[in-house]
Amino acid sequence: MKVAITGITGNMGQATFKALLNANVDEIRLLVRSEKRLKKLLKANKALESKVTVVQGGMTDRTAIKRLVQNADLVIHMAAVIPPRSDQNPQAAVDCNQTGTDILVSEIESITENQPALVHVSTVAVYGNRTGGHPFGRVGDPLLVSPLDVYSATKLRGEFRVLESDIQKWAVLRQSAMLHPQMITDNVHDGLLFHTAFDAPLEWVTAHDSGVLICNIVNKFADGSMPDKFWKRCYNIAGGKANRRYGMQSFDDGFAIMGGCVKDFFKPVYNATRNFHGVWYLDGDELNEMFDYQSQTAEEYWQEVSRAHPVFKMGKFVPKSMIHFFLFRRLLKDKNAPSYWAKHGDDARMIAYFGGADEYGKLTSATWADFPTKDGTEIPNLSDNDTPVYYGYDITKPDEQITQADVAAVAEAHGGKLLSEFDGDMYKKLDFETQDGERFSARAYTVLRAGHWYNPIYDRFVWDFDRLSKRDKVFASVWYDTHDKDENYVYSFDGEYTAHANKTESV
């Protein structure tokens, strides 16, 4: 059995490679750009070196991609440009997450005999901001990618390409918030950590467990025990109930190693109040039932970090004010920090992440005593939220019971129309029309089960959800949790990736 893998030097990729020590594979073909990182990876996993074939190149190198997938049995696509690099170099995110995925899918599609199966790793970021009334979510929820987030937009497009591809066997796995070995060090050199809203619902999964998941998928594929129902579907990679946290609690988990908490090191004004991404999963057990990968809790992960990096424990003996000054305060000057946006008049991001400069200004004088946070708050029991997400049809219906009326109702709920006849085949392409009169083609599965509905973000960096939600009942059911109905902004990037938030007239 030959498995081809992209993104092997990333955090999930490294954990996967280590897990593959227990895999029943003859060849592990790796697409790699950095020889230095590859050598480090092979040195740490010498037992696998004899099985490794290296394909030198990046995601936009079609020749390299062709070599990677030829004669492969299974392709695992984990490569992605993620924040903060996607914020610093948006074009790199476009090249890898969108263009690269398109090239990979095209090359697999071109193989007509013994076509490889594809497992595509997507992201929780496609769901967008889920603070407020809908902390619980499932595959099928509307995909409202956060304004000005190039990463989530390009991953959305890449996922859509897989869903609408002619690959015979594919699966999309939406990765959750991931705890990895470099978690602390990666988050103390950039303003990205200030993007996490304190009340964001996050369901963590460790890199270790993610690697075990991929390894178990490989093994079941290799020994012929892969459930048929796995293919041609989307899933959430979840960590389970024990790993659900609010943003505030997530910070506290890490800071506890240094003997502190968020309130010791941050001020309420430091972090965005919306426009992040995260969700607790209603369907998070589905993958685990098939592949039995969940083993580490967030608590166990932080204990492991503490043992591996005893230097962090020294923070317990250092004044909290000193840690704040040398470790966190300097990050407020980073271009990716909200305080930098406020100081330099980045109105677009201030609106997207706070609701405007005035709302941000209110936080500057706030203290923890009068700031509502979710620290110490018990996670709610599994529920379908106080108000269910609106789908336009009964999402609990099995595929074989979906009718023409159901598909038409979903299109109507989005403010659009179904233009084709639906014959019961969830994977037959249908024609739809949006509320703007734009036509697009998509499978019933893609729209009803995976939550996709065409809007400008699919091919332009234009986030127009304020306007669309006024006629789109599906979008509105989630969007208005954290946006006022009288907000009328169109967020966009120009050709130089400069952010804009243009006020429009109410519709």
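Sequence order sets the numbering: in each chain, residues are counted from 1 along the sequence as written. Local features are withheld for residues below a pLDDT of 70 in this predicted model, meaning they are given only at 70 or higher, and side-chain atom pairs are given and counted only at 80 or more; totals for whole chains, interfaces and linings count all residues. Side-chain figures throughout are based on the complete set of non-hydrogen atoms in the structure, without hydrogens or water.

Caption draft 1: Representation of the packing of helix α5 (residues 90–109) against helix α6 (residues 150–163). With their axes 9 Å apart at the nearest point, α5 and α6 run at an angle of 5 degrees to one another. On the basis of their axis angle, the class for α5 and α6 is roughly parallel. Across the interface between the two elements, Pro90, Ala93, Val94, Asn97, Gln98, Thr101, Asp102, Val105, Ser106 and Glu109 from α5 touch Val150, Tyr151, Thr154, Lys155, Arg157, Gly158, Arg161 and Val162 from α6. Of the residues contributing to the contact of α5 with α6, the split by class is seven nonpolar, six polar and five charged. A fitted line through C-alpha atoms represents every axis, and for helices the fit uses only the stretch in contact; the resulting angles, taken between N-to-C directions, go from 0 to 180 degrees. Secondary structure counts use DSSP, requiring at least four H or I residues in a row for a helix and at least two E residues in a row for a strand, with both numbered from the N terminus. With respect to orientation, any angle under 35 degrees is reported as roughly parallel, any angle over 145 as roughly antiparallel, any angle of 65 to 115 as roughly perpendicular, and every other angle as oblique. In what follows, a contact means two residues having at least one pair of non-hydrogen atoms within 4.5 Å. Gly is put with the polar residues, along with every residue not named as nonpolar or charged; the nonpolar set is Ala, Val, Leu, Ile, Met, Phe, Trp, Tyr, Cys and Pro, and the charged set is Asp, Glu, Lys and Arg.

Caption draft 2: Quick look at the packing of aromatic side chains. For Phe, Tyr and Trp, where Trp contributes only its six-membered ring, two rings pair if their centres lie within 6.5 Å, and the inter-plane angle classes them as stacked under 30 degrees, edge-to-face over 60, or tilted in between. Overall, the coordinates contain 41 aromatic pairs when judged by the stated rule. Residues Trp170 and Tyr445 carry aromatic rings whose centres are separated by 6.2 Å and whose planes lie at 65 degrees to one another, so their mutual orientation is edge-to-face. Taken together, the residues Trp170 in strand β7 (residues 170–175) and Tyr445 in helix α18 (residues 444–449) connect sequence positions 275 residues apart. Residues Trp170 and Tyr445 agree in their burial class; the two are buried. Between the aromatic rings of Phe221 and Trp231, the centroid separation amounts to 6.0 Å while the plane-to-plane angle is 85 degrees, which identifies the pairing as edge-to-face. The buried label applies to any residue whose accessible area, calculated with a 1.4 Å probe on protein chains only, is under 20% of its type's maximum; exposed applies above 50%, and partly exposed to all values in between.

Caption draft 3: Broad picture of the side chain of Gln115. Secondary-structure assignment places Gln115 in the loop between α5 and β5 (117–123). On the basis of relative accessibility, which here comes to 14%, the residue Gln115 falls in the buried class. The term polar contact refers here to a pair of N or O atoms within 3.5 Å; inside protein, the definition further demands a hydrogen-donor-capable atom paired with an acceptor-capable atom, and it admits residues adjacent in sequence only when both atoms are side-chain atoms. Here Ile111 takes part through its backbone oxygen, which lies 3.3 Å from a polar atom of the side chain of Gln115. From its side chain, Gln115 meets the backbone nitrogen of Gln168 in a polar contact 2.8 Å long. Those residues in contact with Gln115, other than ones at most four positions away along the chain, are Ile108, Glu109, Asp166, Ile167 and Gln168.

Caption draft 4: Region of interest: the sheet that holds strand β14 (residues 429–433). Taken together, three strands build an open sheet; the order of strands is β13-β14-β15 and the sheet is antiparallel. In this open sheet, the two strands that pair with only one neighbour each are β13 (417–418) and β15 (439–443). Pairing between strands requires that DSSP locate at least two bridges from one strand to the other. Relative to β14, β13 runs antiparallel, the two being bridged by two bridges. Note on β14: the bridge partner recorded for Lys417 is Glu433.

Caption draft 5: Region of interest: a positive patch on the surface. By definition, no residue in a patch forms a salt bridge, and every one has over 30% relative accessible area; like charges are joined within 9 Å, nonpolar side chains (Val, Leu, Ile, Met, Phe, Trp, Tyr) within 5 Å. Per-residue accessibility takes into account occlusion by the displayed protein chains alone, with areas from the Shrake-Rupley method and a 1.4 Å probe. A pairing counts as a salt bridge when a side-chain nitrogen of Lys or Arg comes within 4 Å of a carboxyl oxygen of Asp or Glu. None of His or the chain ends enter the tally, which takes Lys and Arg as positive and Asp and Glu as negative. Throughout, a charge is located at the NZ atom of Lys, the CZ atom of Arg, the CG atom of Asp or the CD atom of Glu. Positive charge collects at one region of the surface, where Lys267, Arg329, Lys333 and Lys343 lie side by side. Relative to the assigned elements, Lys267 resides in the loop between α10 (262–265) and β12 (280–281). On the accessibility criterion, Lys267 (48% relative accessible area) is partly exposed.

Caption draft 6: Representation of the sheet that holds strand β16 (residues 462–463). Pairing is antiparallel across the open sheet formed by three strands, whose spatial order is β16-β17-β18. Lying at the two open borders of the sheet, with one neighbouring strand each, are β16 and β18 (499–503). Relative to β18, strand β17 (residues 489–493) runs antiparallel, the two sharing five bridges. Its bridge partner being in β18, Phe493 is matched across the sheet by Ala499.

Caption draft 7: Spatial organisation of helix α3 (residues 62–69). Listing the buried residues of α3 in full gives Ala64, Ile65, Leu68 and Val69. The arc enclosing the buried residues of α3, seen along the axis, measures out at 125 degrees, which places them on a common side. In the segment just after α3, Asn71 is the residue with positive phi, at about 65 degrees. This arc is taken over the directions from the axis of the helix to the C-beta atoms.

Caption draft 8: Here's a closer look at the nonpolar core. As used in this record, nonpolar core signifies buried Ala, Val, Leu, Ile, Met, Phe, Trp, Tyr and Cys residues forming a set joined through side-chain atoms within 4.5 Å. If you look at the biggest cluster of nonpolar residues, it comprises 169 residues, and the most contacted ones within it are Leu173, Phe230, Phe266, Leu287, Phe432 and Trp463. Tallying contributions element by element places α5 first for this core, with eight residues.

Caption draft 9: The side chain of Thr434, seen in detail. By secondary structure assignment, the location of Thr434 is in the loop between β14 and β15. Not counting residues within four places of it along the chain, the set of residues in contact with Thr434 comprises Gly415, Gly416, Phe440, Trp453 and Tyr454.

Caption draft 10: Layout of the pairing of strand β1 (residues 2–6). For β1, the buried fraction is high: four of the five residues fall into the buried class. Across four bridges, β1 lies against strand β2 (residues 27–32) in parallel orientation. When the bridges of β2 are listed, Lys2 appears paired with Glu27. A crossover counts as right-handed when, viewed with the strands pointing away from the observer, the path leading from the first strand over the helix to the second turns clockwise. Following the backbone out of β1, through helix α1 (residues 11–19) and into the adjacent parallel β2, one traces a crossover that is right-handed. As judged from the four bridges shared by β1 and strand β4 (residues 74–77), these two strands associate in the parallel manner. Bridging from a neighbouring strand, Ala4 pairs with Val75 of β4.

Caption draft 11: Representation of the environment of Trp341. As for its position among the elements, Trp341 is in helix α14 (residues 338–343). Under the relative-accessibility criterion, Trp341 is labelled buried at 1%. In this structure the C-alpha to C-alpha distance between Trp341 and Val3, which are 338 residues apart in sequence, comes to 44 Å. Ignoring sequence-local partners within four residues, the contact set of Trp341 consists of His195, Lys335, Asn336, Asp346, Arg349, Met350 and Tyr353. Here the side chain of Trp341 touches Lys335 through a polar contact of 3.1 Å, landing on its backbone oxygen.

Caption draft 12: Here's a closer look at a nonpolar patch on the surface. A cluster of nonpolar side chains, namely Met322, Phe325 and Phe326, defines an oily patch on the protein surface of about 330 Å² accessible area. Position of Phe326 relative to the elements: it lies in helix α13 (residues 320–328).

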